[in-house]
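So you can see what is in the structure, the chains are spelled out below.
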Amino acid sequence: MTCVSYAATFRGVASSSRFALGTHVLVSLALRADEVVPSETLAASVNTNPAFLRQIIGQLREAGLVRSKLGTGGGSLLARPAASITLDEVYRATETRPVVALHHSEPHRTCLVGRNIVPVLEGVLARAEGALLEELRRVSIAELARQVCKRG
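Conventions adopted
- Residues numbered from 1 in each chain as written.
- Predicted model: local features only at pLDDT ≥ 70, side-chain atom pairs only at ≥ 80, totals over all residues.
- Heavy atoms only, no water.
- Axes fitted to C-alpha atoms, helices over the stretch in contact; angles between N-to-C directions.
- Helix = DSSP H or I, 4+ residues; strand = E, 2+ residues; numbered from the N terminus.
- Parallel < 35°, antiparallel > 145°, perpendicular 65-115°, else oblique.
- Contact = heavy atoms within 4.5 Å.
- Nonpolar A, V, L, I, M, F, W, Y, C, P; charged D, E, K, R; others polar.
- Buried < 20%, exposed > 50% of the residue type's maximum accessible area, 1.4 Å probe, protein only.
- Pairing = 2+ DSSP bridges.
- Core = buried A, V, L, I, M, F, W, Y, C linked by side-chain atoms within 4.5 Å.
- Left-handed = near helix turned anticlockwise from the far one by under 90°.
- Arc of directions from axis to C-beta.
- Expected span 1.5 Å × (residues − 1).
- Polar contact = N/O pair within 3.5 Å; in protein donor to acceptor, adjacent residues only side chain to side chain.

At a minimum axis separation of 9 Å, helix 2 (residues 39–46) and helix 3 (residues 50–62) run at an interaxial angle of 105 degrees. When the interaxial angle is binned, helix 2 and helix 3 end up roughly perpendicular. When helix 2 is examined against helix 3, the residues Ser-39, Glu-40, Leu-42, Ala-43 and Val-46 are found in contact with a partner set consisting of Pro-50, Leu-53, Arg-54 and Ile-57. Of the residues assigned to the contact of helix 2 with helix 3, the class counts are six nonpolar, one polar and two charged.

The following block contains the structure:
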């Protein structure tokens, strides 16, 4: 088999919106500090199904970013001050897949590119994800809340 003839190449992967939705929830909670906000209210702001949003809220809770109150009058609130929650924490809590997916099937091992491309790309992508996380670490939920309010 030649290098160019194998069929397993890069395939498009739909991006996850969990990070964006988790960030939306946390900024909404930051703007309602010390208030318990029902998932229905948060879902209306996001314009999504409350059951789906509760999954994301569960991930945020497991990461220690939100607290939940059950029962009548229940909902979510920030577990810590918004200034102490950074976007890298939100990313780690909500995203379970890498930013870029590699091959879905094994590349051909007799091909020079096929046997080497995955480890080569893994190094590049690890550095890229590290840079992404470093940038996200610089931004807090409080900063995003200020920017949202400033935009009016």
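Back to the write-up after that little detour.
What follows covers the environment of Val-46. Here Val-46 lies in helix 2. Overall, the relative accessible area of 14% leaves Val-46 in the buried class. Taking the C-alpha atoms as reference points, Val-46 and Val-25, separated by 21 residues in sequence, lie 7.8 Å from one another. Setting aside anything within four residues of it in sequence, one finds Val-46 in contact with Leu-21, His-24 and Leu-53.

Sheet topology note: the strand 1 (residues 66–69)/strand 2 (residues 75–78) ladder contains four bridges and is antiparallel. From the neighbouring strand, Val-66 faces strand 2, where its bridge partner is Leu-78. Two successive antiparallel strands, strand 1 and strand 2, enclose a turn made up of five residues, where Gly-71 displays a positive phi of approximately 85 degrees.

With that settled, the discussion passes to the nonpolar core. The biggest cluster of nonpolar side chains holds 29 residues, and the ones touching the most others in it are Leu-26, Leu-53, Leu-60, Val-90 and Ile-141. Secondary structure elements with two or more residues in this core: helix 1 (18–30), helix 2, helix 3, helix 4 (87–94), helix 5 (112–137) and helix 6 (141–151). Looking at which element gives the most residues to this core, the answer is helix 1, with six residues. In this structure, Leu-60 is in contact with Gly-22, Val-25, Leu-26, Leu-65, Val-66, Val-90, Ala-93 and Thr-94, ignoring residues within four places of it in sequence.

Moving on to the packing of helix 1 against helix 2. Remark: helix 1 packs on helix 2, axes separated minimally by 10 Å, with the N-to-C direction vectors making an angle of 120 degrees. Classified by the angle between their axes, helix 1 and helix 2 sit oblique to one another. Helix-helix and strand crossings are classified by hand; for helix 1 and helix 2 the assignment is right-handed. Contacts between helix 1 and helix 2 involve Leu-21, His-24, Val-25, Ser-28 and Leu-29 on the former and, on the latter, Leu-42, Ser-45 and Val-46. For the contact of helix 1 with helix 2, the per-class residue count stands at five nonpolar, three polar and no charged.

Another aspect to go through is the side chain of Ser-28. Relative to the elements of secondary structure, Ser-28 occurs in helix 1. For Ser-28, the residues in contact, after removing those within four places along its chain, are Leu-42 and Ser-45.

So, on to helix 6. Among the residues of helix 6, Ile-141, Ala-142, Leu-144 and Ala-145 are the ones counted as buried. On an axial view of helix 6, the arc spanned by its buried residues comes to 160 degrees, and they lie on one face. For helix 6, the exposed residues set more than 90 degrees away from the buried face come down to Arg-146, Lys-150 and Arg-151. For helix 6, the secondary structure elements touched by its buried residues are helix 1 and helix 4. Within two residues after helix 6, Gly-152 carries a phi angle of roughly 65 degrees, on the positive side.

With 13 residues, helix 3 extends 18 Å between its outermost C-alpha atoms, agreeing within 8% with the 18 Å of an ideal straight helix rising 1.5 Å per residue. Where helix 3 is concerned, the buried positions are Leu-53, Ile-56, Ile-57, Gly-58, Gln-59 and Leu-60. Among the structural elements, helix 1, helix 2, strand 1, strand 2 and helix 4 are those in contact with the buried residues of helix 3. The opening residue of helix 3 is Asn-49, an N-cap whose side-chain oxygen sits 2.6 Å from the backbone nitrogen of Ala-51. After helix 3 finishes, the residue Gly-64 shows a positive phi value of roughly 80 degrees.

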